[in-house]
Structure formats: structure tokens, C-alpha cells
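Structural features, examined
Here's the letter readout for the chains.
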Amino acid sequence: MHYKIVTDSSADLLRLDGVEFAAVPLTVRVGKQEYVDDAALDVDEMVRTLHDYQGRTSTACPSAGDWLAAFEGADAVYAVTITGALSGAYNAAMIAKETYEQAHPGARVFVLDTRSTGPEMRLIVERLRELCLQQRPPEVIWQAVRHYAHSTRLLFTLESLDNFAKNGRVNPAIAAAVGLLGIRIVGCASDKGELQPLAKCRGEQKALAELLLRMDKMGYRGGKVRIDHCCNESAALKLRHALLQKGCHDIEIHSCRGLCSYYAEKGGVLVGFETSQGE
Ligand code: X90
């Protein structure tokens, strides 16, 4: 069985060892310029340009054709997408699934809407990788990964919700207070896969403390943690330090790639973690 794991660029993952893997890029538009969120993207340059740019900016999901091209060659494809509640990426992947399965009788494409993004998607991809390496039957892998995805969560703290509000992905009233006087928002990906605000905190220190508290409340009991940050490694390291003290040892830190940098904005930190649910 020839397995392939395909995700979109919001997973902040450029490579995955030991299995066939592809990441399909989303794009970020800044005026007439288009940034393709692939390995060649200079994320720092994009963040600087965005910061200085006054005009309209937006993002776009991969097309069905982009997903289809990434599926090529596999008998069993696992497509892992950013939340379908905020992006068309999931729908595009579903269209590609239909086309691929028709064109390749016997081939299967499983599309998982993670209702999340970034580091939580990476946990799910890592689990899939383990299951593929064990060469389990495709259906068994699918059941197991869906089960696992119910046990993972995403929390984040952001300094600004401007790009969310400007693109109609969050209520402008919620966005208005964030960023003023050092107010940060702490939120989670809701069960539906929308941005759910949980608390407003003054200053990063308080926001990180709130985030740790919420992790605990959501059932974090020492499992894997994946952290992504947009130009804020120091906050990611502070979180890691606090988690190590609690006895958590499987922590990895990544920088946000293009899509997550666009929405998380400078200073944003995303945390994907395993909970005790579903055990
Ligand atoms: O299709 C598109 O154009 C992409 C739209 C993506 C919108 C969400 C991006 C989230 C990026 C920001 C912090 C975490 C928020 C999680 C909410 C579920 C990361």
C-alpha cells in the first residue's frame, strides 16, 4: 500500500521523514503581490511588508487542482486541512478526492477537517505518520486518526486580530479592543473550528499564564505539545520552560510559515496539545 500524507501550508510543516508527504500552499495577497506559502517563502520579509502596507490584503486557499496534483501517485491519501469553518481548503480537498477516486479506481482519499490549524494539525500529521509507518490498513488508520483528532486542542494568544477582522473571519467588535494598551486575546479553536475568544489579558506574561491555566482546564495532562510563534521565540521558550517544570517533555517549537503568520500576526503564539480525552 502506497500511503501519502498531504496537508496544507497552515500546518507550518515543510517536511516529514519516512513517509511520502506534501504540503499544498495557501497564498497571501498584499496589494498586487502574491506570496505563495511554500518552502521558498521569506516569511520575515512578508511580515515586514505586511506591517508597512496600508492597503487591502487577503489570503486564498489551495484549489482542488492543487490538492489533486499533490495526491498523484498514492493508493491511500490522507489530506489534513485547516478548519473548514474559516477556509475553503477543506471543500477544495473534497472535490479533489472525488476526482482522484474516479480517475484511480481502488485508490482512497481520506480528508480530515481538523477544525484547527498550525500546531494542532502537526500533532495529527505526526500521529498519521506513525500509523502509516506501521502499515495498518487504510480504514484502520482513518478511524484511529479521527479518534486521535478528538483528543487534541488548540489555544493561542494574539496581539492583534486586525487581519482576522479585515477579512471577515472574526466579529470586528471582538477585534477592536485587542492590541490597545497591550491587551492580548487568549482564545481557542472551538468545536466547530471557529476562533473562540476566552480572555483578554494585559501584557504577555499574563496572557501566557492564562494560556497555561486554560490548557489545564481543557484536560492537558503532560502529553505532547507543539508551539508555533510569529516572530516571538521568547514567548514560545517561556511556555516551554513552564511546561518542562510541570513534567511535560515532548515539546517542539516551530516558526509560523506564511498563512499562520498573516493571521497570528507579529507576537502571536499558537499551542497544540494532547488532552486526556479519548484515552
Ligand atoms: O482560505 C483562506 O484564505 C485561509 C483562511 C484561514 C483563516 C484562519 C487562519 C488561522 C491562522 C491564527 C491563530 C489561530 C486561530 C484559530 C482559529 C480556529 C492562525
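Residues numbered from 1 in each chain as written. Predicted model: local features only at pLDDT ≥ 70, side-chain atom pairs only at ≥ 80, totals over all residues. Heavy atoms only, no water.

**Concerning the packing of aromatic side chains**
The geometry of an aromatic ring pair is captured by the separation of the ring centres together with the interplanar angle, meaning the angle of the planes. Enumeration according to the criterion identifies eight aromatic pairs in this entry. Between W67 and F71, the aromatic rings sit 6.3 Å apart at their centres with planes inclined by 40 degrees, giving tilted as the arrangement. Of this pair, W67 and F71 both sit in helix 2 (residues 64-71), four residues apart, roughly one helical turn. F71 matches W67 in its accessibility class, with the two residues each being buried. Residues F110 and W142 carry aromatic rings whose centres are separated by 5.3 Å and whose planes lie at 35 degrees to one another, so their mutual orientation is tilted. Here the residue F110 occupies a position in strand 7 (residues 108-113), and W142 occupies one in helix 5 (residues 138-149), the gap between them amounting to 32 residues. For the residue pair F110 and W142, the accessibility class agrees, reading buried in each case. A connected cluster of aromatic rings, assembled from ring pairs, spans Y3, Y78, F110 and W142. (Phe/Tyr/Trp six-rings, centres within 6.5 Å; stacked < 30°, edge-to-face > 60°. Helix = DSSP H or I, 4+ residues; strand = E, 2+ residues; numbered from the N terminus. Buried < 20%, exposed > 50% of the residue type's maximum accessible area, 1.4 Å probe, protein only.)

**Here's the deal with the state of the cysteines**
This model, assessed by the stated rule, comprises zero disulfides. For C248, which is in no disulfide, the shortest distance to another cysteine sulfur is to C256 and amounts to 19 Å. (Disulfide = S-S within 2.5 Å.)

**Details of the pairing of strand 11 (residues 225-229)**
The two faces of the sheet receive side chains in turn, since in a regular strand these alternate between them. In terms of burial, strand 11 is a largely internal element, five of the five residues being buried. Taking every second residue as pointing to the same face, both faces of strand 11 are buried, with V225, I227 and H229 on one and R226 and D228 on the other. Sheet topology note: the strand 11/strand 12 (residues 251-255) ladder contains five bridges and is parallel. Within strand 12, the residue paired with D228 across the bridge is H254. Assessed by its sense of winding, the connection that carries the chain from strand 11 through helix 9 (residues 233-245) to strand 12 is right-handed. (Pairing = 2+ DSSP bridges. Right-handed = clockwise from strand over helix to strand, strands pointing away.)

**Quick word on the site of the ligand**
The environment of the ligand is made up of 21 residues, and the closest members are T59, A60, C61, S87 and R169. T59 places a side-chain nitrogen or oxygen 2.6 Å from an oxygen atom of the ligand. Contact distances for the ligand include 2.7 Å between an oxygen atom and a side-chain N or O atom of S87. In the complex, 99% of the free accessible area of the ligand, which totals 550 Å², lies under the protein chains. Ranked by residues supplied to the shell around the ligand, first place goes to helix 10 (residues 258-264) with three residues. (Near = heavy atom within 4 Å. Polar contact = N/O pair within 3.5 Å; in protein donor to acceptor, adjacent residues only side chain to side chain. Areas by Shrake-Rupley, 256 points an atom, 1.4 Å probe, with all protein chains shown as cover.)

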